[in-house]
Amino acid sequence: MTRRALVTGATSGIGNAFAKELARRGYDLVIVARTTERLESLATQMRSKHRVEVDVVTADLSTTEGVRATVNKLTDTTRPVDLLVNNAGASLAGWFGTTDINDEDRQLDLLVRAPMHLMDAAIKTMAGRGGGQIINVSSVAAFTPRGVYSAHKAWLLNLSQWADIHYADVNISVQALCPGFVRTEFHQRGEMDVSGVPKWMWLKADKVVKTSLKDLDKGKSVSIPSVRYKVLAGLARYLPKGLVTRIAKRGR
Ligand SMILES: NC(=O)c1ccc[n+]([C@@H]2O[C@H](COP(=O)([O-])OP(=O)(O)OC[C@H]3O[C@@H](n4cnc5c(N)ncnc54)[C@H](OP(=O)(O)O)[C@@H]3O)[C@@H](O)[C@H]2O)c1
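Presented here is an overview of the structure given in this document. (Residues numbered from 1 in each chain as written. Predicted model: local features only at pLDDT ≥ 70, side-chain atom pairs only at ≥ 80, totals over all residues. Heavy atoms only, no water.)

Each helix and strand in the protein was counted, giving nine helices and seven strands. Relative to a compact globule of 252 residues, whose C-alpha radius of gyration would be 18 Å, the protein shows 18 Å and is just as compact. Its C-alpha atoms put the protein at 55 × 40 × 30 Å along the principal axes. Burial statistics for the protein: of 252 residues in total, 46% are counted as buried. Intrachain contacts of the protein at a sequence separation of at least 6 include 69% that bridge at least 24 residues. As presented, the protein carries roughly 12,700 Å² of accessible surface, and 53% of it is formed by carbon and sulfur atoms. Positive and negative charge centroids in the protein, built from 36 and 24 side chains respectively, lie 9 Å apart. (Helix = DSSP H or I, 4+ residues; strand = E, 2+ residues; numbered from the N terminus. Rg over C-alpha atoms; globule rule 2.2 N^0.38 Å. Buried < 20%, exposed > 50% of the residue type's maximum accessible area, 1.4 Å probe, protein only. Contact = heavy atoms within 4.5 Å. Areas by Shrake-Rupley, 256 points an atom, 1.4 Å probe, with all protein chains shown as cover. Lys, Arg positive; Asp, Glu negative; His and termini not counted. Charge placed at Lys NZ, Arg CZ, Asp CG, Glu CD.)

Okay, the packing of helix α4 (residues 101-127) against helix α5 (residues 148-166) next. Orientation of α4 relative to α5, taken along the N-to-C sense of each, is 10°, at an axis distance of 10 Å. Considering the angle they form, α4 stands roughly parallel to α5. Together, Glu-104, Gln-107, Leu-108, Leu-111, Val-112, Pro-115, Met-116 and Met-119 of α4 and Val-148, Tyr-149, His-152, Lys-153, Trp-155, Leu-156, Leu-159 and Ala-163 of α5 make up the contact between the two elements. Residue composition of the contact of α4 with α5, grouped by class: 12 nonpolar, two polar and two charged. (Axes fitted to C-alpha atoms, helices over the stretch in contact; angles between N-to-C directions. Parallel < 35°, antiparallel > 145°, perpendicular 65-115°, else oblique. Nonpolar A, V, L, I, M, F, W, Y, C, P; charged D, E, K, R; others polar.)

Another aspect to go through is the site of the ligand. What surrounds the ligand is a group of 31 residues, the closest being Thr-11, Ser-12, Thr-35, Tyr-149 and Thr-184. Contact distances for the ligand include 2.8 Å between a nitrogen atom and a side-chain N or O atom of Asp-60. The contact in question runs from an oxygen atom of the ligand to an N or O atom on the side chain of Tyr-149, over 2.5 Å. Burial of the ligand by the protein chains amounts to 97% of its free accessible area of 880 Å². Secondary-structure elements contributing two or more residues to the shell around the ligand are α1 (13-24), α5 and α6 (186-189). At three residues, α6 tops the list of elements feeding residues into the shell around the ligand. Looking at the shell around the ligand residue by residue, the classes come out as 13 nonpolar, 13 polar and five charged. (Near = heavy atom within 4 Å. Polar contact = N/O pair within 3.5 Å; in protein donor to acceptor, adjacent residues only side chain to side chain.)

Of note, the phi angle at Glu-191 is positive, near 50°, even though the residue is not glycine. Residue position: Glu-191 is located in the loop between α6 and α7 (205-217).

Turning our attention to the pattern of salt bridges. Under the defined criterion, the tally for this structure stands at 12 salt bridges. Note that Asp-82 is salt-bridged to Arg-129, the shortest N-O span being 3.3 Å. Of this pair, Asp-82 sits in the loop between α3 (64-75) and β4 (83-86) while Arg-129 sits in the loop between α4 and β5 (132-137), and the two are 47 residues apart along the sequence. Its relative accessible area of 32% is what places Arg-129 among the partly exposed residues. (Salt bridge = Lys/Arg side-chain N within 4 Å of Asp/Glu carboxyl O.)

Let's shift gears to the packing of aromatic side chains. Counted under the stated rule, the structure contains three aromatic pairs. Ring centres of Phe-181 and Trp-202 lie 5.2 Å apart, and the angle between their planes is 50°; this geometry places the pair in the tilted category. Note that Phe-181 is positioned in the loop between β6 (172-177) and α6 and Trp-202 in the loop between α6 and α7, a separation of 21 residues in sequence. Directly above the ring of Trp-202 sits Arg-183, whose terminal nitrogen or CZ lies 4.2 Å from the centroid. (Phe/Tyr/Trp six-rings, centres within 6.5 Å; stacked < 30°, edge-to-face > 60°. Lys NZ or Arg CZ within 6 Å of the ring centre and 35° of its normal.)

This brings us to a positive patch on the surface. A cluster of basic side chains, namely Lys-204, Lys-207, Lys-210 and Arg-228, defines a positive patch on the protein surface. Examined against the element boundaries, Lys-204 turns out to sit in the loop between α6 and α7. (Patch = residues over 30% accessible without salt bridge, like charges linked within 9 Å, V, L, I, M, F, W, Y side chains within 5 Å.)

The strands making up a sheet associate through hydrogen bonds between their backbones, and the pairing can be parallel or antiparallel. One open sheet holds the seven strands; their spatial order is β3-β2-β1-β4-β5-β6-β7, and the pairing between them is parallel. Here the strands that pair on one side only, and so sit at the sheet edges, are β3 (54-58) and β7 (222-223). Relative to strand β2 (residues 28-33), strand β1 (residues 4-8) runs parallel, the two being bridged by five bridges. In the sheet register, Arg-4 faces β2, and the bridge partner there is Asp-28. Packed onto the sheet, α1 meets β1, β2, β4, β5 and β6 and runs at close to 170° relative to β1. (Pairing = 2+ DSSP bridges.)

These figures capture arrangement, not role.
Following this line, the structure appears as structure tokens:
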């Protein structure tokens, strides 16, 4: 039977790589983002290349209407979603305490409220039909204090770990995907200067996605692509205070 995946933030970067890899594996898709032309172009490409069905949802996930339109896709039991990828995200330029609080609210809505609502809808629907899978795109930033962005990602990591344990009984797996630096549009959009980030720290979106899906098959609730980031994330728990302070000072 054909499986269906809903991917948020499918127009670029990690979400785009998820949509392409899942279509390659035969999943029908529901793709969500704000830019209709990019969604339609991806849909046309996936339909002709992989012969899969693709539904396009143009939605701003920092708004109630955008979340509602996406939730409707997840609760439609006539076209059930087997895999939810909560990926859409962005970074706000500027340090918390200096930014506009209304912009911070929108960030909270996009990075916390939207995945919470989509997870809620997915869990309720999946539990009623024998199970399903959820991937929440968090970040290695979740492991250290690096401002509001890392706090949002830590929230998502924590909830994913709990949900994976709690809903195992109804056959629902939840993974927090925690990548390090990935070459996407993310840093440019967030006006981040990444010129000092060494080459070895950069990951490719398609490899990140393949690792995540492999880890999902293995039942891992936390996926950290690449050995180098696994080591860094492991060390993060034992970092000396001076180093934590230096890292924290660079966060937003
Ligand atoms: N790149 C990294 O180094 C990195 C590392 C760790 C974690 N992450 C996380 O990975 C996820 C994907 O980021 P990326 O690196 O792939 O960035 P990206 O290339 O900028 O892609 C972001 C995607 O999210 C969508 N999006 C942004 N704001 C949205 C909104 N308000 N409503 C709906 N869709 C929205 C964008 O589409 P539209 O503009 O068309 O809406 C785009 O498809 C994010 O959650 C990010 O926090 C990234």
